[in-house]
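Here is how the chains run, residue by residue.
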Amino acid sequence: MNLPRNVATKPTALASPVVELRQYTLKPGRRDTLIDIFDGRLIEGQEDAGMTIIGQFRDIDRPDMFVWMRGFNGMVARKNALAEFYGGPVWAAHGPAANATMIDSDDVLLLKPAWPGAGFDLAGARRPGLAIDEKPIQDKPLAGIVVIEIQHLQPGTEADFANRFEIETACLMTADARLLAAFVTEHAENSFPRLPVRADENVFISVTGFASAEAHARHKAALAASPAWQAFWRAAQPGMTKPTETLRLSPTSQSLVGR
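Caption draft 1: Examining the sheet that holds strand E3 (residues 65–72) more closely. With antiparallel pairing, the eight strands of this closed barrel are ordered in space as E1-E3-E2-E8-E5-E7-E6-E4. Between one strand axis and the next, the sheet turns through 35 degrees on average, direction left out of account. In the sheet, strand E1 (residues 18–26) pairs with strand E4 (residues 102–113) via seven bridges, with the strands oriented antiparallel. If you follow Leu21 over to E4, its bridge partner there is Leu109.

See the structure below:
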């Protein structure tokens, strides 16, 4: 008998002192295939191994990109959880089909909260339960979007940038924006070398939620007109090594973040 899967209850407040941001380049037209596999078959096994599957997204501007985030209770916990999952039956059963959709899965940033309390607050977050043979609903995209901005910084400057961002930008957030989390690079040695990470990066990442793409556009326009915001970014420019990367993301039906 196929019993319904329980509604997710694992995530807790301020989840995950270690987080991965993973960006996958997929074969043309295969993104919904991967989302069906991931949301329908791979979430529960990862969480049973000790991970928190934070969010899965379609990249609005890049049709063959799948972006997702997962969290761990620490670097040792990450090693143990990944070893259990990738050596276990769920990945053995569904990993080959997932891998068949991908061109590249090595664009991975290893992160930690940018300041105390900057991680995701997932208290009360739930994803809809699925029956064992049921597919996630993919023809009803969620209206909200999540915007991830990646700032590439000079080595050793992440903490200072994060401090200034926390102090100087909180008062500039418009009613359209919800700052969901902020992270900097976790420079600890990769505890599971089988899965590469971009170890030489020095980044600050903000994750912000909006009710719609239009709300995001209004927020951007308001900031662009703000002298305080302009002053903040002028002061930050000398410490940046690349232009800001902006990911506009649509949550899948099983994403905890962006619902």
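From this point on, the discussion continues.
Caption draft 2: Representation of the packing of helix H1 (residues 31–48) against helix H3 (residues 89–99) within the structure. Two elements in contact, H1 and H3, have axes whose closest approach is 10 Å; the angle formed by their N-to-C orientations is 160 degrees. Put simply, H1 runs roughly antiparallel to H3. In this structure, H1 meets H3 at a crossing whose hand is left-handed. Every residue of H3 that contacts H1 at Leu34, Ile37, Arg41, Leu42 and Gly45 is listed here: Val90, Trp91, His94, Ala97 and Ala98. Of the residues in the contact of H1 with H3, the class split is seven nonpolar, two polar and one charged.

Caption draft 3: Geometry of the confidence of the model for the protein. Of all residues in the protein, 88% attain a pLDDT of 70 or more, and the chain-wide mean is 90. With pLDDT under 50 throughout, residues 1–12 is counted as low confidence; its partners more than four residues away or in other chains account for 26 contacts.

Caption draft 4: Looking closely at the side chain of Ser16. Positionally, Ser16 belongs in the segment before E1. Residue classification places Ser16 among the buried residues on the basis of a relative accessible area of 4%. In this structure Ser16 touches Thr52, Ile54, Gly71, Phe72 and Pro113, once residues within four positions along its chain are discounted.

Caption draft 5: Structural detail: the pairing of E4. The pairing of E4 with strand E6 (residues 178–185) spans three bridges and is antiparallel. Bridge assignment links Pro113 to a residue of E6, and that residue is Phe183.

Caption draft 6: Geometry of the layout of surface pockets. By volume, the largest pocket amounts to about 350 Å³. Forming the walls of the largest pocket are 18 residues, and the residues nearest its centre are Glu149, Lys220, Leu223, Trp229 and Trp233. Looking at the lining of the largest pocket, the elements that each hand over two or more residues are strand E5 (145–152), strand E7 (203–210), helix H5 (213–224) and helix H6 (227–236). In terms of residues, the lining of the largest pocket owes the most to one element, H5, which gives four residues. In terms of residue class, the lining of the largest pocket is built from nine nonpolar, seven polar and two charged.

Here is what the cut-offs are and how they apply
Residues numbered from 1 in each chain as written. Predicted model: local features only at pLDDT ≥ 70, side-chain atom pairs only at ≥ 80, totals over all residues. Heavy atoms only, no water. Pairing = 2+ DSSP bridges. Helix = DSSP H or I, 4+ residues; strand = E, 2+ residues; numbered from the N terminus. Axes fitted to C-alpha atoms, helices over the stretch in contact; angles between N-to-C directions. Parallel < 35°, antiparallel > 145°, perpendicular 65-115°, else oblique. Left-handed = near helix turned anticlockwise from the far one by under 90°. Contact = heavy atoms within 4.5 Å. Nonpolar A, V, L, I, M, F, W, Y, C, P; charged D, E, K, R; others polar. pLDDT = per-residue confidence, 0-100. Buried < 20%, exposed > 50% of the residue type's maximum accessible area, 1.4 Å probe, protein only. 1 Å grid on protein atoms, 1.4 Å probe; cavity = no way out; pocket = protein on both sides within 12 Å on 5 of 7 lines; lining within 4 Å. Points joined across faces, edges and corners; volume = space filled by probe spheres on them.

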